[in-house]
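Notes for the structure review
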Amino acid sequence: MKLIIAVVQRQDAGDLIEALTAAGHRVTRISSEGGFLREGNVTLLIAAEDYQVDPILKIVREHCYTRTRYVSPLPPVAESGEFYPPTPVEVQVGGATVFVLRAADVRRLTPSEPR
Amino acid sequence: MKLIIAVVQRQDAGDLIEALTAAGHRVTRISSEGGFLREGNVTLLIAAEDYQVDPILKIVREHCYTRTRYVSPLPPVAESGEFYPPTPVEVQVGGATVFVLRAADVRRLTPSEPR
Amino acid sequence: MKLIIAVVQRQDAGDLIEALTAAGHRVTRISSEGGFLREGNVTLLIAAEDYQVDPILKIVREHCYTRTRYVSPLPPVAESGEFYPPTPVEVQVGGATVFVLRAADVRRLTPSEPR
Ligand code: NI
Ligand code: NI
Ligand code: NI
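Residues numbered from 1 in each chain as written. Chains lettered and ligands numbered in written order. Predicted model: local features only at pLDDT ≥ 70, side-chain atom pairs only at ≥ 80, totals over all residues. Heavy atoms only, no water.

For chain A, an unreviewed UniProt entry supplies the name Nitrogen regulatory protein P-II and the organism Roseiflexus castenholzii.

Spelled out as structure tokens, the structure:
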């Protein structure tokens, strides 16, 4: 058994979760943030049998996109005290970071007695 | 050492955390959501020595319940254009999904010098 | 490859993330809570090559502090029905709890085609 932890961009998460659920996987969604721009992203927990890992990674790859953002750095101050207008810098964000962890055990505990 | 990651229903989390804490375990609580109904749930991180895993799973089992919910699917549209009233569908939710991960290392870092 | 999961106090998280980012690490930040006082803390996910684990733990140690808090327990009720004033209890909070998990695989998926 494996636990897959995937960190994906927020705007990709909805479609990705839908695709994973449609393929029969249970997904837990956690709000997170990260990356160079400290943007909101989403951390997903997905239980997987070993043979499911590659199909799951394929679904993740198909739903997560790298996007180009333009960021204006803080204007540097010249020695004369004048400001130079900042040049927007191109930054690639997105894609997905995926950790595949070996689980010693995965259990679905479902006691059904009423409380 | 193990890291136990337990995804439980929100309404079970409070009692469960209390029981784990009373048994001497440190629990980290993360808000999450998931499952068929995309309901809010809670993801817990619990550090455990190997011999503590089974007692912890026992506590989790004792505090997490499966509940029956009735969900009304979106009404299907008949070919005539009329709506059929939706039949509520019975769905089992709850219980707990537990991942037991082997930790290469668990450290409690506690530098005590004032900042 | 390793996945490092670090649970740190909220007031230490900002500086720690800055230091980890400056050292070239990618950090995912998740809001969490835990500990004796159920205070808000932060759970960080950090991908690491094996040789990076010790330098990362060093950075975590340098930025996470144990602090002393004084907590007033609920006043006990004497047999006579009178309240005794509660004695504030000293509690150590903070530091960091760090899990180092072996990752079977870490992938950075970055498809660059526009959607
Ligand atoms: Ni799709
Ligand atoms: Ni109980
Ligand atoms: Ni620093």
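**Digging into the overall build of chain A**
What counts here: To qualify as a helix, a DSSP run of H or I must reach at least 4 residues; to qualify as a strand, a run of E must reach at least 2; elements of each kind are numbered from the N terminus. The classification of residues rests on relative accessible area computed with a 1.4 Å probe and restricted to protein chains. Under 20% of the type maximum is buried, over 50% is exposed, and intermediate values are partly exposed. By definition in these notes, contact holds between two residues if any of their heavy atoms fall within 4.5 Å. Only the protein chains shown count as cover for residues, and all accessible areas are computed by the Shrake-Rupley method using a 1.4 Å probe.
When you go through chain A residue by residue, the secondary structure sums to 2 helices and 6 strands. Start at the N end of chain A and walk to the C end: the helices and strands fall as β-α-β-β-α-β-β-β. In chain A, which comprises 115 residues, the proportion classed as buried is 45%. Considering only contacts in chain A between residues 6 or more positions apart, those separated by 24 or more positions represent 64%. For chain A, the exposed surface amounts to about 6,100 Å²; the carbon and sulfur share of it is 52%.

**Some points on the interface of chain C and chain A**
The criterion, for reference: The buried area of a pairing is the accessible area, by a 1.4 Å probe, that goes missing from both parts when the two are put together, added over both. Think of a salt bridge as a Lys or Arg side-chain nitrogen and an Asp or Glu carboxyl oxygen that are within 4 Å of each other. Whenever a nitrogen or oxygen atom comes within 3.5 Å of another N or O atom, the pair is scored as a polar contact, on the condition that within protein one atom can donate a hydrogen and the other can accept it, and that pairs from neighbouring residues in sequence are kept only if both atoms are in side chains. Throughout, the ten residues Ala, Val, Leu, Ile, Met, Phe, Trp, Tyr, Cys and Pro are labelled nonpolar, Asp, Glu, Lys and Arg are labelled charged, and all others, Gly among them, are labelled polar. For two strands to be treated as a pair, DSSP must find at least two bridges joining them.
Taken residue by residue, the interface counts 25 residues in chain C and 33 residues in chain A. Between chain C and chain A, the buried area comes to about 2,300 Å², and carbon and sulfur atoms account for 56% of it. The tally of links between chain C and chain A comes to 0 salt bridges. Counting the contacts that link chain C with chain A gives 2 residue pairs in polar contact (both at pLDDT 80 or more). Of all the elements in the fold, those that place two or more residues in the side of chain C that touches chain A are helix H1 (10-22), strand S2 (27-34), strand S3 (39-48) and strand S6 (96-109) of chain C. The greatest single-element share of the side of chain C that touches chain A, amounting to 9 residues, is contributed by S6 of chain C. Residues of the side of chain C that touches chain A, tallied by class, amount to 13 nonpolar, 3 polar and 9 charged. Pairing analysis gives 2 bridges linking strand S2 (residues 27-34) of chain A to S2 of chain C, with the strands arranged antiparallel. Counterpart to Gly34 of chain A in the pairing with S2 of chain C is Thr28 of chain C.

**A closer look at the pairing of strand S3 (residues 39-48) of chain B**
All names here are of chain B. Of all 10 residues making up S3, 7 are buried, and the element is well covered by its neighbours. Summarising the sheet, strand S1 (residues 2-9) and S3 pair through 8 bridges and their orientation is antiparallel. Along S3, the bridge assignment pairs Val7 with Thr43. Pairing analysis gives 8 bridges linking strand S2 (residues 27-34) to S3, with the strands arranged antiparallel.

**Observations regarding the relation of the copies chain C and chain A**
Selection criterion: Copies overlap after least-squares fitting; the atoms used are the C-alpha atoms of residues with pLDDT of at least 70 in both.
In screw terms, the move from chain C to chain A is a rotation of 120 degrees and a rise of 0.0 Å along the axis, fitting with an RMSD of 0.0 Å. Accordingly, the operation relating the two chain copies is best matched by a three-fold axis. Counting the interface residues of chain C, we find that no more than 12% of their copies in chain A are interface residues as well, pointing to two distinct contact surfaces.

**Remarks on the interface of chain A and chain B**
Facing the 25 residues of chain A at the interface are 33 residues of chain B. Between chain A and chain B, the buried area comes to about 2,300 Å², and carbon and sulfur atoms account for 55% of it. Run the count over chain A and chain B and you get 2 residue pairs in polar contact (both at pLDDT 80 or more). Counting residues per element, the ones that place at least two in the side of chain A that touches chain B are helix H1 (10-22), S2, strand S3 (39-48) and strand S6 (96-109) of chain A. The leading source of residues in the side of chain A that touches chain B is S6 of chain A, at 9 residues. For the side of chain A that touches chain B, a count of residues per class yields 13 nonpolar, 3 polar and 9 charged. In the sheet, S6 of chain A pairs with strand S6 (residues 96-109) of chain B via 6 bridges, with the strands oriented antiparallel. Each bridged residue has a counterpart across the sheet, and for Leu109 of chain A the counterpart in S6 of chain B is Ala96 of chain B.

**Here we look at the packing of helix H1 (residues 10-22) of chain B against helix H2 (residues 53-63) of chain B**
Residues and elements named next belong to chain B. We apply this condition: The axes are straight lines fitted to the C-alpha atoms, using for helices just the contacting stretch, and the angles between their N-to-C directions are given from 0 to 180°. Each angle is binned into one of four classes, with values under 35 degrees roughly parallel, values over 145 roughly antiparallel, values of 65 to 115 roughly perpendicular, and all other values oblique. Note: crossing handedness is left-handed where the near helix turns anticlockwise from the far helix by less than a right angle, and right-handed where it turns clockwise.
Put simply, H1 and H2 touch, their axes get as near as 9 Å, and they point 150 degrees apart. For the element pair H1 / H2, the angle class is roughly antiparallel. Here H1 runs over H2; the crossing is right-handed. Along its contact with H1, which presents Asp12, Asp15, Leu16, Ala19 and Leu20, the element H2 presents Ile56, Ile59, Val60 and His63. Classifying every residue of the contact of H1 with H2 by side-chain character gives 6 nonpolar, 1 polar and 2 charged.

**So, the relation of the copies chain A and chain B**
Of the two same-sequence chains, chain A is brought onto chain B (RMSD 0.0 Å, axial shift 0.0 Å) by a rotation of 120 degrees. Taken as a fraction of all interface residues of chain A, those also at the interface in chain B reach only 12%, which identifies the copy contact as different-surface.

**Here's the deal with H1 of chain B**
Residue and element names in this part refer to chain B. Applied cut-off: Here, expected helix span is obtained from the residue count minus one, scaled by 1.5 Å.
In this model H1 runs 19 Å from its N-terminal to its C-terminal C-alpha over 13 residues, within 8% of the 18 Å that 1.5 Å per residue would give. The complete set of buried residues in H1 reads Asp12, Ala13, Leu16, Ile17, Ala19 and Leu20. Taken from the residues just after H1, Gly24 is the one with a positive phi, measuring 95 degrees.

**Some details on the pattern of salt bridges**
Scanning all chains against the criterion turns up 6 salt bridges over all chains. One salt bridge connects Asp50 of chain A with Lys2 of chain A, and the closest N-O pair in it is separated by 3.0 Å. Of this pair, Asp50 of chain A sits in the loop between S3 and helix H2 (53-63) while Lys2 of chain A sits in strand S1 (residues 2-9), and the two are 48 residues apart along the sequence. The shortest N-O distance in the salt bridge between Glu62 of chain B and Lys58 of chain B comes to 2.8 Å. Of the two residues, Glu62 of chain B and Lys58 of chain B are both situated in helix H2; the distance of 4 residues between them amounts to about one turn of the helix.

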